[in-house]
Amino acid sequence: MEKHKAGYVNIIGNPNVGKSTLMNAFVGEKLSIITAKAQTTRHRILGIVNGENFQMILSDTPGIIKPAYQLQDSMMNFVKSAFEDADILIYMVEIGEKGLKDEAFLSRLENSKIPVLLLLNKIDTSTQETLESQVQYWQEQLPRAEIHPISALTKFNVKPVFNRILELLPEAPAYFPKDQLTDKPERFFVNEIIREKILEHYKKEIPYSVEIETEEFLEDEDIIRIRAVIMVERDSQKGIIIGHKGNALKRVGIAARKDLEKFFDKQVHIELFVKVNKNWRSSARQLRRFGYD
């Protein structure tokens, strides 16, 4: 009988290189926020892929940055933890990139004792000549890493990478029940879907000053009733989120409800409220409350 394999496959890289797109492609579900804006992933999110003889635990992490405030410090702690429990590391870069925004992480990759797959993403936007020079560049930077050119968006070369990860997984029993898709509760995904809509509908600093808290999640046979609060840092941001006659907030609610109905495969009724929670991004107590410890 074939032995069972299981392990943590942790994805790291700079902001906006396609980490969330890759994980969602592997899992077959939209677990991580995907927008054109950088720094959309704030937490470490696990996506679990189960087969008869394997369990692949994929971990999407925030994009690597030099932290400017306490929330970003917490985000980088999630990245550090990804080095500590990984059985396989995926380092994701895009065409034209020259290194991580924090050199310390690059040296940890160079000295890693576990397999490192360097995925060169967005090759659909490149020429063959550029691709070849990029492969050569990364071979010199990280000689121990296996380099795989991919396009996470079009799923080009994603299946061969998935199969290679399966080969590298260590023999181990399953870490999670075989019907489990993620480590996060339902309310987490409600928060993330609302936050994604705010990233899509507002500009500048507004999306980065927002945190969502689902206060009520009541599921009946036919409908899910959700009450969620959008936290902002300043009174002026509250006005922008609500918009003229509440129209901006209404737009967010409609867009979020559509995605939530797809995600839960059930009718959803959602109520959104906006509250000011001054300087929550720099408060250790508030960050703990929102799960950033």
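You'll find the structure just up there.
A brief report on the enclosed structure follows. All values derive from a computational prediction rather than experimental measurement.

The buried fraction of strand 5 (residues 116-121) is high, at six of six residues. Burial along strand 5 is two-sided: the face carrying Val116, Leu118 and Leu120 and the face carrying Leu117, Leu119 and Asn121 are both buried. Relative to strand 5, strand 4 (residues 88-94) runs parallel, the two sharing six bridges. By the bridge assignment, Glu94 is partnered in strand 5 with Asn121. Direction of pairing for strand 5 relative to strand 6 (residues 146-149): parallel, over a ladder of four bridges. Bridge assignment links Leu119 to a residue of strand 6, and that residue is His148. A crossover connection joins strand 5 to the parallel strand 6 through helix 4 (residues 128-141); in handedness this β-α-β unit is right-handed.

Turning our attention to unusual backbone geometry. Peptide bonds are trans in most cases, and residues, glycine excluded, mostly fall at negative phi. Even without glycine at this site, Lys155 takes up a positive phi of about 65°. Although it is not a glycine, Asn157 adopts a positive phi angle of roughly 70°. Structurally, Asn157 is set in the loop between strand 6 and helix 5 (158-168). The exposure class of Asn157 is partly exposed, given its relative accessible area of 24%.

The next point concerns the sheet that holds strand 7 (residues 211-219). Spatial strand order, 7-8-9: three strands in an open sheet with mixed pairing. Edge positions in the sheet fall to strand 7 and strand 9 (267-276), since each has one partner strand and no second. Between one strand and the next, the sheet's axes are offset by a mean angle of 15°, whatever the strand orientation. Of the pairings in the sheet, the one linking strand 8 (residues 223-232) to strand 9 comprises 10 bridges and is parallel in character. Note that in strand 9 the partner of Ile226 across the bridge is Ile270.

Conventions adopted
- Residues numbered from 1 in each chain as written.
- Predicted model: local features only at pLDDT ≥ 70, side-chain atom pairs only at ≥ 80, totals over all residues.
- Heavy atoms only, no water.
- Buried < 20%, exposed > 50% of the residue type's maximum accessible area, 1.4 Å probe, protein only.
- Helix = DSSP H or I, 4+ residues; strand = E, 2+ residues; numbered from the N terminus.
- Pairing = 2+ DSSP bridges.
- Right-handed = clockwise from strand over helix to strand, strands pointing away.
- Axes fitted to C-alpha atoms, helices over the stretch in contact; angles between N-to-C directions.

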